[in-house]
Amino acid sequence: MKRIGKVGLALLAGLLFPIGIWVAAGSALYQSIRRNTRETSSTCRIDADCPPGYICINGRCVPAKG
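Residues numbered from 1 in each chain as written. Predicted model: local features only at pLDDT ≥ 70, side-chain atom pairs only at ≥ 80, totals over all residues. Heavy atoms only, no water.

Bringing the pairing of strand S1 (residues 54–57) into the picture now. Going residue by residue along S1, you find Tyr54 and Cys56 tucked away on one face and Ile55 and Ile57 left uncovered on the opposite face. Note: S1 against strand S2 (residues 60–63), 4 bridges, orientation antiparallel. Among the inter-strand pairings, Ile57 is bridged to a residue of S2, identified as Arg60. Hairpin connection between S1 and S2: a loop of 2 residues separates the two successive antiparallel strands, and Asn58 in this loop has a positive phi of roughly 55 degrees. (Buried < 20%, exposed > 50% of the residue type's maximum accessible area, 1.4 Å probe, protein only. Helix = DSSP H or I, 4+ residues; strand = E, 2+ residues; numbered from the N terminus. Pairing = 2+ DSSP bridges.)

Note on placement: Ile57 falls in strand S1. We classify Ile57 as partly exposed; its relative accessible area is 41%. Sequence spacing of Ile57 and Arg45 is 12 residues, and the spatial spacing of their C-alpha atoms is 8.5 Å.

At Asn58, a residue that is not glycine, the phi angle is positive and equals roughly 55 degrees. Within the secondary structure layout, Asn58 lies in the loop between S1 and S2. Given a relative accessible area of 78%, Asn58 falls into the exposed group.

Okay, the nonpolar core next. Within the largest apolar cluster, 5 residues are counted, these being Cys44, Cys50, Tyr54, Cys56 and Cys61. Residues contacting Cys50, with those up to four places away along its chain left out, are Cys44, Ile55, Cys56 and Cys61. (Core = buried A, V, L, I, M, F, W, Y, C linked by side-chain atoms within 4.5 Å. Contact = heavy atoms within 4.5 Å.)

Written out as structure tokens, the structure is:
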């Protein structure tokens, strides 16, 4: 009976790992798209309206140069 349990566990792991990789990749892609959309759509009047590391130019938050 121990052998059947180990085989079942190996099959389960073999099925779940690829699914987990695809879920992680999809989550990373979603977060990347969401972050880029948020950064490019920021509007501002002064630098204080922008997130840290960004400055306000022509009403848009753009990355500050080093």
